[in-house]
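Structure assessment
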Amino acid sequence: MHKRSSLIELTKGRWREFRREPSAFFFVIFMPILWMVILGAAFSGKENVKVQVGWIEGQTATSPFNIDIPASLSSNSAIILHRGSVEEINLKHLRGEIAAIVSTDPTGLKIIYDTASQEGTNASSIIKSTLQEAAGRTDPLSITSEKITIPGTRYIDFLIPGLLALSIMTSSLFGTGMLIVSNRRENLLKRYLATPMKPHEYLISHIFGRTFIFIVEVAAILITGYLMFGFKSAGSYISLLAFAFLGTAAFTSLAILCAARTANPATMNGMTNIISLPMMLVAGVWFSRANFPEWLGQIVQYLPLTALVDGLRRIALEGANLSTLMSESVILLAYTLLSTAAATKLFKWY
Amino acid sequence: MLPSISRFPVVDAQSLTKKFGTLTAVDNISLKLEPGECLAILGPNGAGKTTTVEMLEGLLTPTSGHLKVFGMDMQKQRSEILERVGVLLQETNMYKRYTVKETLQLFSSFYKNPDDPLAIIDRMNLKDKTNVQLKNLSGGQKQRVYLGACLINNPELIFLDEPTTGLDPQSRRSIWDLLNALKSHHKSMILTTHYMEEAEKLADRIIIFDHGKIIAEGTLNHLIALHCDGQVITFSLATNHKQILSDELPKVLTSLKSEHQVFSSAVPIGNRVEIVAHSTSSMITAILETLKKHNYEVHELNMRSGSLEDVFIKLTGRSIRDA
Ligand SMILES: Nc1ncnc2c1ncn2[C@@H]1O[C@H](COP(=O)(O)OP(=O)(O)OP(=O)(O)O)[C@@H](O)[C@H]1O
Ligand SMILES: [Mg+2]
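Looking at the interface of chain B and chain A
Listed per partner, the contact involves 33 residues of chain B and 27 residues of chain A. For chain B, the biggest contributors to the area lost against chain A are Y95(B), R97(B) and F110(B); these three give 22% of the whole. Counting across the interface, chain B meets chain A through four salt bridges. Between R97(B) and E21(A) there is a salt bridge; the shortest N-O distance is 2.9 Å. Viewed at the interface, chain A and chain B are joined by twelve residue pairs in polar contact (both at pLDDT 80 or more). Going through the elements one at a time, α2 (78-82), α3 (100-108) and α5 (139-151) of chain B are the ones with two or more residues in the side of chain B that touches chain A. Of all the elements, α3(B) adds the most residues to the side of chain B that touches chain A, at five residues. Its residues assigned to classes, the side of chain B that touches chain A shows 16 nonpolar, eight polar and nine charged.

Details of the domain arrangement of chain A
Taken domain by domain, chain A consists of domain 1 (2-43 + 154-346) and domain 2 (51-134). The centre of domain 1 of chain A, based on its C-alpha atoms, is set 48 Å off from the matching centre of domain 2 of chain A.

Things to note about the pattern of salt bridges
Under the definition given, this model contains 19 salt bridges over all chains. Salt-bridge contacts for D310(A) lead to R289(A); the nearest nitrogen and oxygen are separated by 2.4 Å. Here the residue D310(A) occupies a position in helix α12 (residues 304-318), and R289(A) occupies one in the loop between α10 (265-282) and α11 (294-300), the gap between them amounting to 21 residues. The structure contains a network of salt bridges with shared partners spanning R16(A), R20(A) and E102(B).

Considering helix α2 (residues 22-43) of chain A
All names here are of chain A. The end-to-end C-alpha distance of α2, which contains 22 residues, comes to 31 Å, matching closely the 32 Å that a straight helix rising 1.5 Å per residue would cover. Largest kink in α2: about 35°, centred on F30, with the proline P32 one to four residues after it. Buried within α2 are the following residues: V28, I29, P32, I33, M36, L39 and G40. The inward-facing, buried residues of α2 contact α1 (6-19), α6 (155-185) and α8 (199-229).

What about the environment of Q132(A)?
All names here are of chain A. With respect to the helices and strands, the residue Q132 is situated in helix α5 (residues 118-134). Under the relative-accessibility criterion, Q132 is labelled partly exposed at 41%. As a C-alpha pair, Q132 and S72 span 60 residues in sequence and 9.9 Å in three-dimensional space.

A closer look at the domain arrangement of chain B
Domain assignment breaks chain B into domain 1 (5-225) and domain 2 (229-305). Here the C-alpha centre of domain 2 of chain B lies 39 Å away from the C-alpha centre of domain 1 of chain B.

Focus: the packing of α2(A) against α8(A)
Residue and element names in this part refer to chain A. Here α2 crosses α8 at 25°, and the two axes come no closer than 9 Å. Comparing their axes, α8 and α2 come out roughly parallel. The two elements α2 and α8 cross, and the hand of that crossing is right-handed. Only I213, V216, E217, A220, I221, T224, G225, M228 and F229 of α8 make contact with α2, whose side of the interface consists of V28, I29, P32, I33, M36, V37, G40 and A41. Looking at the contact of α2 with α8, its residues break down into 13 nonpolar, three polar and one charged.

What counts, and at which threshold
Residues numbered from 1 in each chain as written. Chains lettered and ligands numbered in written order. Predicted model: local features only at pLDDT ≥ 70, side-chain atom pairs only at ≥ 80, totals over all residues. Heavy atoms only, no water. Contact = heavy atoms within 4.5 Å. Buried area = accessible area lost by both parts, 1.4 Å probe. Salt bridge = Lys/Arg side-chain N within 4 Å of Asp/Glu carboxyl O. Polar contact = N/O pair within 3.5 Å; in protein donor to acceptor, adjacent residues only side chain to side chain. Helix = DSSP H or I, 4+ residues; strand = E, 2+ residues; numbered from the N terminus. Nonpolar A, V, L, I, M, F, W, Y, C, P; charged D, E, K, R; others polar. Domains from an automatic or database assignment. Expected span 1.5 Å × (residues − 1). Bend = angle between axes of the 7 residues up to and from the residue. Buried < 20%, exposed > 50% of the residue type's maximum accessible area, 1.4 Å probe, protein only. Axes fitted to C-alpha atoms, helices over the stretch in contact; angles between N-to-C directions. Parallel < 35°, antiparallel > 145°, perpendicular 65-115°, else oblique. Left-handed = near helix turned anticlockwise from the far one by under 90°.

Structure, rendered in structure tokens:
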């Protein structure tokens, strides 16, 4: 009889456990797709969004420029004008339904908006030029704008690499951690310990086993992204998969480290949540990190999810490949090696 | 496979002690297992059986003491030893979505010279379950899968921690048949059990544990002759009232003991009293007289020759069923 390799058998087992566990399958495959569909639909067509402007009824509409302010604003098709009482308009502004309020008094004209808000700033500049032109400003230079869509600048193109990273993180952390904890609870780890199987093979099998699983989840996201939103990666899919594997290895090792001594599923759940939730918010999965304060950006760039999101995005959007992603790759490899080493030291078999 | 002919005992444990914090679970025990021998460890719950066996399996490190298996040191040559050892733990659940074949293939991959998983499946009488997932097996069938995993490396030394606990009588018997077949292949075995019948059927030698110590050791006949030589008389009172029983039985016993010195032991178990007697007729007379004096009617009076169970009761003061 030919001799089976314990590492290969254990790894095959990981895949089997995943494939035959319906809930694992559901979360890994359908959750990211659900996110993509919901967010993709919510944010698509955002480039045509109109500017919401508030006008308080009963103000002097013409003074002091002898133009009809509300009429001029309404005549610009990029503006939607809300008319109402002071209370109504202020309330709408507070709720974010209105980006800016135009107000007049005998001394002049005011635009009220939140200077920290992108929408407010945008609205203010559109209001200004609309009214200036209505009042008779002639621009020395005639500029027309041509509307094109650069591939990869849509929100969905930004979002899909982020969702890939997120789904690799959550499925590696939760899947691996829970599996080890339940193996320990059922005394299966102790049973393994009573065989000559080398303990590190059990740990490594989790990383290799995840490889098959993440190929399935990455493929599911990419195929759905392509079919629904025409998403295509600028860089090669081999680079994308290779880099995603580095992420899988890093998060699986982190999960093994968290599960090294835990026998209670609730504790395990808590630990993985503490690790994953803050990263989910600050790593730039949903929005660019460009607007973060500098000190936060400094810390965040060393998080494994940040490295994974950035790397995947640079491959998918900018066509980077592994050799141009040195710092991200080093960060992920460091997490993998350090966590595995620590886990091997700390691991309890029962 | 030839029986291993060895100058060494297969297992040689000297003064093993295991402490969990302040609790001494196993207290300075020594035991040897000769090649081809089957040793049964009996003892009530918490006596330290599992702790002892797990030290012998190399799963727990003894707090103190020396352990050699196949003449090798467990700390230094662990994987060499485990290559030749089979283990059935007291409580394990293997992955429930593996099939029987997948489970045994996985375990076979851990050893240098494993048996063919399909041959093991056949030996465990699980051929029709080869491709069935563990979650769809009965308790007895699952236990046979675990036993198969324990035998996959064709071990010379087998540890079985309560191999039939929780099984129905029929499954228990089928496990006993499998174990008896192993015995005829000169495997060395250590098994723990709560079933006297199991120890009587399988063991060449029996060790009784209590509170982490060995309190008796020997062959079945030796133990019975030593601790239960005579007839066992059992009687019960014609009442089931707990209060009366707990108040009155001790009085009856004291009275019996002070007035008649003919018995060697008397132990109350529920509403029954068991007494080992050498001179049965005078003992029965004594019992009836005493009960009459206390105004009790005897409900049942039985007499039989001593068994392992009686030895156990006499030594631990507990019935094995309560233990
Ligand atoms: N890991 C542990 N930590 C602390 N105490 C333990 C541990 N394992 C066992 N014990 C204690 O050691 C004692 C012996 O336990 P052990 O499991 O060896 O008993 P046993 O004879 O196998 O009992 P049973 O018949 O119920 O299986 C018990 O009091 C138990 O509570
Ligand atoms: Mg036990």
